[in-house]
Amino acid sequence: MSTLLEVNNVSKRFTMGGLFGRRVVDAVQEASFSLTTDKPEIFTIIGESGSGKTTLARMILGLEDASEGEILFRGKRISRHMGQAERLAFMSAVQPVFQNPFEAFNPLKKIERYLSSTARRFLRTSDRATIDRAMDEALQKVGLSLKEVRGRFPHEMSGGQLQRCAIARALIPNPPLLIADEPVSMVDASLRMSIVNLLRSLRDDLGVSVIYITHDLATAYYISDRIIIMQRGRIVEMGDARTVLENPEHPYSRLLKASVLSTDDAGAGKLATDPGMVDLANAMMGRAGKLVDRQDGRRVRVYDEA
Amino acid sequence: MFAVLRDLIRYNIEFAIGLVLVGIVVVFASLSFFAPVDPSLIYMTIPDQPPSPQFWFGTNSRGQDMFWQLSAAFRNSLVFGITVAVLSRIISITVGLLSGYVGGWVDRVLMFINDIFVAVPIFPVLVLFYFVLRNNLDSLTLALIMACFGWPFDARLIRSVALGLKHREFTRHATFAGMSTRKILLEEHLPYVMPIVFSTFMNNMLWSIGLEVTLAVLGFTNINNPTIGTVLYWANSHSAMVVGVWWWIVIPVILIVMTFLGLFLLAISMNEYIDPRSRLRRMGA
Amino acid sequence: MSQQSNRDILKVDGLKAYYQMNYFGVEREVRAVDDITMTVRKNEVYGIAGESSSGKTSFIKVLAAAIRPPLRVVAGSATYAFKSGTIDVAHASPEEIEAVRWKHLSYIMQGSMSVLNPVRRIGKTFKDFAQRPLGLSGRAFEERVVHHLSRLKLPPDVLKAYPHELSGGMRQRVTIGLATVCHPEFIIADEPTTALDVVVQKEVLSLIREIQQDMGSSVVFVTHDMSVHANMADRVGIIYAGRLVEEGPTRQMFFAPKHPYTAHLVASLPRIGDTTQRPALEGRPPNLADPPQGCRFHPRCPLAVEKCRTQTPPLEEVAPDQRSACWRWMDVEPLVKPSAPVGVVA
């Protein structure tokens with residue numbers, strides 16, 4: 001069993017403000033988890049805004065350096081200051097999918113330019129036929145073809161199609177790992193499921209692992225193998241997705257689940273959240289505690305009674 | 001491209017007027033390539049003749065046909081303005097985009113240099129150059145010097161746009177698509193700063209031509225080289241208005257106003273067209 | 001029939017609103033709202049669902065009497081029956097609209113920052129918006145505002161705060177307070193919770209629902225998120241490509257939809273505790289500048305037949321209180337099984 005990605009006690013601290021009123025924000029605190037190469041999986045990071053999930057993703061992509069701890073990809077340390085060759089090798093193995101497909105493609109440029117640039121750089125070829133073949137293959141994997149995409153501008157496609165193009169581009173170097181930061185939150189409702197299903201088939205059919213970052217518990221349950229739930233920079237609960245989401249243990253996880261709007265009693269107008277639950281979850285915020293193992297394989301943060 | 005031009009002319013009255021004005025001046029200036037006389041020579045015709053079928057713009061007290069004299073002067077001035085604008089645009093784009101995108105110490109160093117150029121007063125420096133170089137100060141040297149002073153404000157402007165572009169998702173997307181910094185700057189970011197480049201191009205031309213006129217009128221340039229400024233310099237030194245040779249002053253001024261107005265109108269109407277946001281709206285995004 | 005019109009507060013009749021644009025000689029007409037007829041009753045929450053560029057935003061602009069060029073009402077009317085009299089906002093003069101705005105008709109918008117002036121204290125903003133419509137003197141007005149805020153569980157101190165000093169959830173509660181302080185009869189809520197986190201979203205939703213029931217106002221609630229409609233709305237209307245394709249009581253819409261588009265929207269919602277493969281709808285929403293012939297959904301519809309390609313289906317009553325614009329509504333099967341018996345929940 002070899003590890004693909006290893007996140008070891010990673011913390012990230014931002015210093016805000018200038019000389020006066022300097023403020024320190026702990027975006028991520030002591031996050032640890034690892035992904036193995038033998039079994040592709042969808043690993044989900046759940047959190048609200050300010051939970052540090054995006055910062056964590058940026059660190060894994062090497063866009064931000066950890067303040068403490070280290071992130072290893074195939075045993076090599078990821079950092080913002082990797083050399084050119086190292087960086088290229090890393091980028092051909094870890095690719096991102098961004099949140100807003102309309103933002104991820106320059107509206108003034110043709111879509112294919114991102115695909116062809118990826119192919120040229122990471123497959124180290126300048127042969128047009130090879131590049132075209134690589135582009136077409138990648139687009140086929142996401143249910144499109146080069147014929148549909150060639151010569152088109154981003155505004156000529158729907159959000160769903162564009163997000164597919166973005167995923168196709170990320171697949172060109174055949175990376176073992178994709179980092180998808182809220183890939184469906186900007187995609188229309190009727191097109192959203194096709195993207196989510198696509199992520200699932202990437203794992204099942206192509207053996208690509210995906211780190212899926214979201215605030216949506218329902219899609220997380222639908223596609224993930226393992227999840228971690230983050231509250232204000234701390235992992236409060238992690239483990240098998242079904243186990244955790246069906247029966248969350250940490251008060252914050254329970255609150256999140258209770259806040260998911262269910263369609264089961266559509267029209268009943270049940271909206272009230274138990275205020276005790278909110279208070280309990282908020283009380284945990286900012287407290288260190290420690291993660292302990294449970295029998296069903298999950299890890300939960302517990303706190304010393306003060 | 002032709003369709004764009006046609007639409008611009010048809011639907012944008014500012015553009016049409018600007019194009020006509022600049023067009024007239026450019027045609028007039030390029031006539032100088034076919035000039036029958038060398039505009040730097042004096043006493044080639046009868047001096048002080050008013051405008052007539054023989055001398056359309058009259059002749060001046062130095063015995064020069066004003067038509068050919070002004071034609072050469074406008075050619076030299078326009079070429080001068082374009083040279084300054086092109087050179088200073090290149091500097092400001094390079095500095096602005098690099099500084100905004102790369103950031104860190106590169107940004108700090110470039111902006112430090114930028115601020116020095118903002119702070120140094122240009123007029124005394126140009127006068128100083130004139131005193132040192134005297135008649136060796138030809139148009140090209142002057143253009144080079146002014147280009148060195150014409151970029152810092154626009155570089156700051158471009159930098160502020162580049163700073164915003166740096167954090168757009170498509171920039172990160174381009175990085176992960178393996179594009180080099182040069183490619184990102186030239187192909188991803190440059191289109192967004194082109195509106196600024198264009199409108200400042202025209203403004204820069206206006207600025208440099210205006211400054212050249214000021215210097216020349218005061219006699220701080222090579223006065224034997226016909227430009228808009230030196231034409232006025234000679235008119236002034238011969239007291240043209242006092243002795244009644246009004247056409248020596250009035251006709252150049254009318255042409256200068258046409259040039260400036262035309263360039264200004266082109267700048268504002270092109271800006272509206274090139275702005276990516278309005279362009280996107282037109283494309284139906 | 002007279003009783004019917006008595007319980008309606010808003011009646012939209014054959015409303016068509018187009019964007020007419022002209023950029024450098026390229027003329028474009030976007031039929032953003034194309035023949036919508038519907039009513040909103042007193043004391044109900046009417047949910048409007050639609051994807052981006054479905055025309056729902058333009059429809060709301062008409063309802064909110066915020067029609068500005070290039071958007072133009074081409075035909076039809078949108079008439080409110082307020083206590084003070086009726087008004088057709090599609091054709092009313094600015095003065096007439098000014099008279100009902102905020103007092104009878106108010107809005108809760110998506111970004112709270114667009115309503116709250118960042119350099120004005122909240123209390124001042126309340127004064128700007130509500131003092132004139134309420135017609136109260138300084139002291140009485142303040143008491144009224146403080147009392148109203150306490151209903152929203154906001155302390156009186158927020159009046160002295162600047163918007164940036166409040167959290168996102170607090171700010172959104174303040175905008176709800178602003179929209180409801182005059183006890184309007186009709187509130188338009190345009191994606192009020194889209195930018196909020198899940199926990200806060202639920203809190204804000206229940207607050208809107210609570211205050212709506214307290215005041216007996218009607219709310220038109222716009223969002224693309226069907227799970228919000230499931231919990232908020234009494235009735236839901238689905239807009240697709242500028243047209244109302246189905247409307248009905250929330251529960252019926254979720255468990256017995258009679259339009260294939262609704263069926264798909266409902267079925268594509270994932271649920272915790274269920275990992276069966278969810279169907280995805282292919283294709284893309286049509287371009288409103290050039291919509292397809294016939295039923296606008298036919299290119300993506302699994303049930304489409306020849307008739308759908310040529311003839312536009314009318315919006316007809318297909319079940320009690322439920323209307324659908326589909327030639328094959330009898331063949332639409334719900335793709336999700338209800339967890340409880342189907343029935344109209346009072």
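Everything quoted here is computed from the prediction, not taken from an experiment.

Rules used in this analysis
- Residues numbered from 1 in each chain as written.
- Chains lettered and ligands numbered in written order.
- Predicted model: local features only at pLDDT ≥ 70, side-chain atom pairs only at ≥ 80, totals over all residues.
- Heavy atoms only, no water.
- Helix = DSSP H or I, 4+ residues; strand = E, 2+ residues; numbered from the N terminus.
- Rg over C-alpha atoms; globule rule 2.2 N^0.38 Å.
- Contact = heavy atoms within 4.5 Å.
- Areas by Shrake-Rupley, 256 points an atom, 1.4 Å probe, with all protein chains shown as cover.
- Lys, Arg positive; Asp, Glu negative; His and termini not counted.
- Charge placed at Lys NZ, Arg CZ, Asp CG, Glu CD.
- UniProt positions renumbered as here; feature names shortened; annotations may be inferred.
- Pairing = 2+ DSSP bridges.
- Disulfide = S-S within 2.5 Å.
- Buried < 20%, exposed > 50% of the residue type's maximum accessible area, 1.4 Å probe, protein only.
- Buried area = accessible area lost by both parts, 1.4 Å probe.
- Polar contact = N/O pair within 3.5 Å; in protein donor to acceptor, adjacent residues only side chain to side chain.
- Phe/Tyr/Trp six-rings, centres within 6.5 Å; stacked < 30°, edge-to-face > 60°.
- Salt bridge = Lys/Arg side-chain N within 4 Å of Asp/Glu carboxyl O.
- Axes fitted to C-alpha atoms, helices over the stretch in contact; angles between N-to-C directions.
- Parallel < 35°, antiparallel > 145°, perpendicular 65-115°, else oblique.
- Left-handed = near helix turned anticlockwise from the far one by under 90°.
- Nonpolar A, V, L, I, M, F, W, Y, C, P; charged D, E, K, R; others polar.
- Core = buried A, V, L, I, M, F, W, Y, C linked by side-chain atoms within 4.5 Å.

Here's the deal with the overall build of chain C
Inference 1: The helix and strand inventory of chain C stands at 11 helices and 12 strands.
Inference 2: Rg of the C-alpha trace for chain C: 21 Å, near the compact-globule value of 20 Å for 346 residues, within the 12% margin.
Inference 3: Counting only C-alpha atoms and orienting by the principal axes, one finds that chain C spans roughly 65 × 55 × 45 Å.
Inference 4: Within chain C, counting contacts between residues at least 6 apart in sequence, those at least 24 apart form 66% of the total.
Inference 5: Summing over all exposed atoms, chain C offers an accessible surface of approximately 14800 Å²; the carbon and sulfur share of this is 51%.
Inference 6: Put simply, chain C has 42 plus and 37 minus side-chain charges, and the middle of one group is 3 Å from the middle of the other.

Let's talk about the UniProt feature "transmembrane region" (unreviewed entry) in chain B
Residue and element names in this part refer to chain B.
Inference 1: Per the UniProt record, the feature "transmembrane region" (unreviewed entry) sits at residues 12–35, 78–102, 109–133, 139–158, 204–225 and 245–274.
Inference 2: In this annotation, residues 12–35 is assigned 75% helix and 0% strand; the end-to-end C-alpha distance for the span is 35 Å.
Inference 3: Along residues 109–133 one finds 92% helix and 0% strand; the C-alpha atoms at either end are 31 Å apart.

Details of the pairing of strand S4 (residues 68–73) of chain A
Residue and element names in this part refer to chain A.
Inference 1: Here strand S1 (residues 3–16) pairs with S4 via five bridges, running antiparallel. Each residue of the ladder has a partner; that of Glu6, found in S4, is Leu72.
Inference 2: Examined bridge by bridge, S4 and strand S5 (residues 76–77) share two bridges and lie antiparallel to one another. Within the sheet, the bridge partner assigned to Phe73 lies in S5 and is Lys76.
Inference 3: Joining the antiparallel neighbours S4 and S5 is a turn of two residues, in which Arg74 adopts a positive phi near 50°.

Things to note about the state of the cysteines
Residues and elements named next belong to chain C.
Inference 1: Under the defined criterion, the tally for this structure stands at zero disulfides over all chains.
Inference 2: Among the cysteines around Cys326, which has no disulfide bond, Cys301 carries the closest sulfur, lying 6.0 Å off.
Inference 3: Taking relative accessible area as the criterion, Cys326 reaches 10% and is therefore assigned buried.

Looking at the interface of chain C and chain A
Inference 1: The interface of chain C with chain A comprises 44 residues on the first partner and 44 residues on the second.
Inference 2: Interface area, chain C with chain A, both sides summed: about 3800 Å², of which 58% is carbon and sulfur.
Inference 3: Counting the surface chain C buries against chain A, the share from its top three residues, Lys202, Asn231 and Ile272 of chain C, is 20%.
Inference 4: Counting the contacts that link chain C with chain A gives six residue pairs in polar contact (both at pLDDT 80 or more).

Considerations on the UniProt feature "domain: ABC transmembrane type-1" (unreviewed entry) in chain B
Inference 1: The UniProt record marks residues 74–267 of chain B with the feature "domain: ABC transmembrane type-1" (unreviewed entry), using the residue numbering of this structure.
Inference 2: The span residues 74–267 of chain B carries 82% helix and 0% strand; its end-to-end C-alpha distance comes to 19 Å.

Remarks on helix H10 (residues 228–237) of chain B
All names here are of chain B.
Inference 1: Of all 10 residues in H10, seven are buried; the element is thus mostly enclosed.
Inference 2: Of all the residues in H10, the buried ones are Ile228, Gly229, Thr230, Val231, Leu232, Trp234 and Ala235.
Inference 3: Ser239, located one to two residues past H10, shows a positive phi value of around 50°.

Observations regarding the packing of aromatic side chains
Here a ring pair, both rings aromatic, is described through the centre-centre distance and the interplanar angle of the planes.
Residues and elements named next belong to chain B.
Inference 1: This model, assessed by the stated rule, comprises 24 aromatic pairs over all chains.
Inference 2: Measuring from centroid to centroid gives 5.5 Å for Phe117 and Trp151, while their planes differ by 55°, and the two rings are tilted. One end of the pair, Phe117, is in helix H4 (residues 104–119); the other, Trp151, is in the loop between helix H6 (139–149) and helix H7 (152–166), with 34 residues separating them in the sequence.
Inference 3: The partly exposed category is assigned to Phe117, whose relative accessible area is 26%.
Inference 4: Ring geometry for Phe131 against Phe220: centres 5.8 Å apart, planes inclined by 70°, an arrangement best described as edge-to-face. Taken together, the positions of Phe131 in helix H5 (residues 122–133) and Phe220 in the loop between helix H9 (181–217) and H10 put the pair 89 residues apart, joining distant regions of the chain.
Inference 5: For Phe131, a relative accessible area of 43% translates into the label partly exposed.

Quick look at the pattern of salt bridges
Residues and elements named next belong to chain A.
Inference 1: Following the criterion strictly, the structure yields 37 salt bridges over all chains and no others.
Inference 2: Here Lys53 ties to Glu182 by a salt bridge, and the two come within 3.5 Å at their closest N and O atoms. Here Glu182 lies in the loop between strand S7 (177–181) and helix H8 (189–206) and Lys53 lies in helix H1 (residues 53–60), a separation of 129 residues in the sequence. Of the two residues, Lys53 and Glu182, neither departs from the other in class, the shared state being buried.
Inference 3: Asp225 serves as the salt-bridge partner of Arg203, at 2.9 Å between the closest nitrogen and oxygen. On the criterion of sequence distance, the pair formed by Arg203 in helix H8 and Asp225 in the loop between helix H9 (217–223) and strand S9 (226–231) is long-range, its members being 22 residues apart.
Inference 4: Overlapping salt bridges, with partners in common, bring together Glu112, Arg128, Asp132 and Arg150 in one network.

What to know about the packing of H7 of chain B against H9 of chain B
Geometry of a packed helix pair, given as the angle between the helix axes and the separation of the axes.
Residue and element names in this part refer to chain B.
Inference 1: Their axes nearest at 10 Å, the elements H7 and H9 cross at an angle of 165°. Taken together, the axis directions place H7 and H9 in an arrangement best described as roughly antiparallel. In this structure, H7 meets H9 at a crossing whose hand is right-handed. The segment H7 lies against H9, with Asp154, Leu157, Ile158, Val161, Leu165 and Lys166 engaging His189, Tyr192, Val193, Ile196, Val197, Thr200 and Asn204.
Inference 2: Split into classes, the residues belonging to the contact of H7 with H9 amount to eight nonpolar, three polar and two charged.

A short note on the sheet that holds S5 of chain A
All names here are of chain A.
Inference 1: With respect to topology, four strands assemble into an open sheet ordered S2-S1-S4-S5, the strand pairing being antiparallel. Edge positions in the sheet fall to strand S2 (23–36) and S5, since each has one partner strand and no second.
Inference 2: Bridge analysis of S1 against S2 gives 10 bridges, and the strand direction is antiparallel. From the neighbouring strand, Leu5 faces S2, where its bridge partner is Leu35.
Inference 3: In the packing of H1 onto the sheet, contacts are made with S1, S2 and S4, and the angle to S2 comes to roughly 60°.

Thoughts on the nonpolar core
Inference 1: Phe59, Tyr80, Phe126 and Phe186 of chain C are the most contacted members of the largest nonpolar core, which totals 105 residues.
Inference 2: Broken down by element, this core gets its largest block of residues, seven residues, from strand S1 (residues 8–23) of chain C.
Inference 3: In this view, Tyr80 of chain C contacts Ile9, Leu10, Leu63, Gly85, Thr86, Ile87, Val89, Leu105, Phe186 and Ile188 of chain C; residues no more than four positions away in its chain are not counted.
Inference 4: Listed in part, the 59 residues of the second largest apolar core include Ile42 and Ile131 of chain A together with Ala174 and Met179 of chain B.

Side note on the packing of helix H2 (residues 13–30) of chain B against helix H3 (residues 66–102) of chain B
Residues and elements named next belong to chain B.
Inference 1: Closest axis-to-axis distance for the H2/H3 pair is 7 Å, and the angle between their directions is 110°. Accordingly, the angle class assigned to the pair H2 and H3 is roughly perpendicular. In this structure, H2 crosses over H3, and the sense of that crossing is left-handed. In contact with Val25, Val26, Phe28 and Ala29 of H2, H3 contributes Phe67, Leu70, Ser71, Phe74, Arg75 and Leu78.

Side note on unusual backbone geometry
Inference 1: Phi at Arg232 of chain A is positive, roughly 45°, even though this residue is not glycine.
Inference 2: Note on placement: Arg232 of chain A falls in the loop between S9 and strand S10 (234–240).
Inference 3: Residue Lys153 of chain C is not a glycine yet carries a positive backbone phi of 60°.
Inference 4: Tracing the backbone through its elements, the reader meets Lys153 of chain C in the loop between helix H5 (138–151) and helix H6 (168–180).

A short note on the sheet that holds strand S12 (residues 322–324) of chain C
Strands in a sheet are paired, the pairing made by backbone hydrogen bonds, and the direction either parallel or antiparallel.
All names here are of chain C.
Inference 1: One open sheet holds the eight strands; their spatial order is S6-S7-S8-S3-S9-S10-S12-S11, and the pairing between them is mixed. In this open sheet, the two strands that pair with only one neighbour each are strand S6 (105–108) and strand S11 (316–319). Strand-to-strand twist in this sheet, taken as the mean axis angle between neighbours without regard to direction, amounts to 25°.
Inference 2: On the sheet, helix H7 (residues 198–215) packs against strand S3 (45–49), S6, strand S7 (186–190) and strand S8 (218–222) and is oriented at approximately 155° with respect to S8.

Details of H6 of chain B
Residues lying three or four places apart along an α-helix face the same way, a consequence of the helix completing one turn every 3.6 residues.
Inference 1: Along H6 of chain B, the residues that are buried comprise Leu142, Ala143, Ile145, Met146, Ala147 and Phe149 of chain B.
Inference 2: If you follow the buried residues of H6 of chain B, they end up packed against H3, H4, H5, H7 and H9 of chain B.

Looking at the environment of Val260 of chain A
Inference 1: One can find Val260 of chain A in the loop between helix H11 (251–259) and helix H12 (275–284).
Inference 2: In this structure the C-alpha to C-alpha distance between Val260 of chain A and Asp296 of chain A, which are 36 residues apart in sequence, comes to 24 Å.
Inference 3: The contact partners of Val260 of chain A, leaving out residues within four places of it in the chain, are Leu217 of chain A together with Ile272 of chain C.

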